[in-house]
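# Topology and contacts: notes
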Amino acid sequence: MAFAQGTTAAPTGSSIIIQFIPFILIFVVMWFLILRPQQKRAKAHQEMVKGVRRGDTIVTSGGFIAKVTRVIDDNELEAEIADGVKARIVRSTIADVRAKGEPVKGEAANDAGK
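Residues numbered from 1 in each chain as written. Predicted model: local features only at pLDDT ≥ 70, side-chain atom pairs only at ≥ 80, totals over all residues. Heavy atoms only, no water.

Per an unreviewed UniProt entry, the recorded name for the protein chain is Sec translocon accessory complex subunit YajC, and the organism is Pseudochelatococcus lubricantis. Annotation of the protein chain in UniProt includes, under Sequence similarities (unreviewed entry), the sentence "Belongs to the YajC family." Per UniProt, the protein chain carries the Subcellular location (unreviewed entry) text "Cell membrane". (UniProt positions renumbered as here; feature names shortened; annotations may be inferred.)

### Digging into the overall build of the protein chain
Summing up its helical and strand segments, the protein chain has two helices and five strands in all. The N-to-C order of helical and strand elements in the protein chain reads α-β-β-β-β-β-α. In the protein chain, which comprises 114 residues, the share counted as buried stands at 16%. Total accessible area on the protein chain stands at roughly 9200 Å², and carbon and sulfur atoms take up 60% of it. (Helix = DSSP H or I, 4+ residues; strand = E, 2+ residues; numbered from the N terminus. Buried < 20%, exposed > 50% of the residue type's maximum accessible area, 1.4 Å probe, protein only. Areas by Shrake-Rupley, 256 points an atom, 1.4 Å probe, with all protein chains shown as cover.)

### Section: the sheet that holds strand 1 (residues 57-60)
Read from one edge of the open sheet, five strands run 4-3-2-1-5, paired in antiparallel fashion. Here the strands that pair on one side only, and so sit at the sheet edges, are strand 4 (85-90) and strand 5 (94-98). Direction aside, neighbouring strands of the sheet carry axes that sit 40° apart on average. In this sheet, strand 2 (residues 65-71) lies alongside strand 1 in antiparallel orientation, the contact comprising three bridges. Along strand 2, the bridge assignment pairs V59 with I65. (Pairing = 2+ DSSP bridges. Axes fitted to C-alpha atoms, helices over the stretch in contact; angles between N-to-C directions.)

### Overview of the pattern of salt bridges
Under the definition given, this model contains three salt bridges. With its nearest N and O atoms 3.5 Å apart, the salt bridge here joins E78 to R70. On the accessibility criterion, E78 (16% relative accessible area) is buried. (Salt bridge = Lys/Arg side-chain N within 4 Å of Asp/Glu carboxyl O.)

### Section: the packing of aromatic side chains
Between two aromatic rings, the relevant description is the distance of the centres plus the angle of the planes. Enumeration according to the criterion identifies one aromatic pair in this entry. For the ring pair F20 and F23, a centre distance of 6.3 Å and an interplane angle of 50° mean the geometry is tilted. Highlighted residues: F20 and F23, both in helix 1 (residues 13-50), separated by three residues, approximately one helical turn. Residue F20 is classed as partly exposed on the basis of its relative accessible area of 47%. Given the relative accessible area of 56%, F23 is considered exposed. (Phe/Tyr/Trp six-rings, centres within 6.5 Å; stacked < 30°, edge-to-face > 60°.)

### Notes on the UniProt feature "transmembrane region" (unreviewed entry) in the protein chain
What UniProt calls "transmembrane region" (unreviewed entry) maps, in this numbering, to residues 16-35. With 100% helix and 0% strand, residues 16-35 has its two end C-alpha atoms placed 27 Å apart.

### Focus: the pairing of strand 3 (residues 76-82)
Where a strand is regular, its side chains alternate between the two sheet faces. Direction of pairing for strand 2 relative to strand 3: antiparallel, over a ladder of four bridges. Across the sheet, residue V71 finds its bridge partner in strand 3, namely L77. Hairpin connection, strand 2 to strand 3: the antiparallel pair is bridged by four residues. In this structure, strand 3 lies alongside strand 4, joined through six bridges in antiparallel fashion. Bridged to E76 within strand 4 is V90.

And the structure:
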């Protein structure tokens, strides 16, 4: 016995929009929860790196803590990573910029114990 199948008519304009509403809502939620905050953090980091000047203490993405001795150009700077040891650092590798007078967290705890 064969059952009659319904005809597959082309979807109407309003039913297509209704089908895409969940995808649009997911995109909007992702935009506000993931993409927008990430763009704000990237912009703030870029501004922070642009503001590096001589005398600032920086932390590179490799984990080096150094003091800026000279700004070479827009892409590079020279930093002292140890007493008498200077290295050229690419600005894009800077992870954090600390103020001149701000102590490194590990050193502050060690100095208190001495």
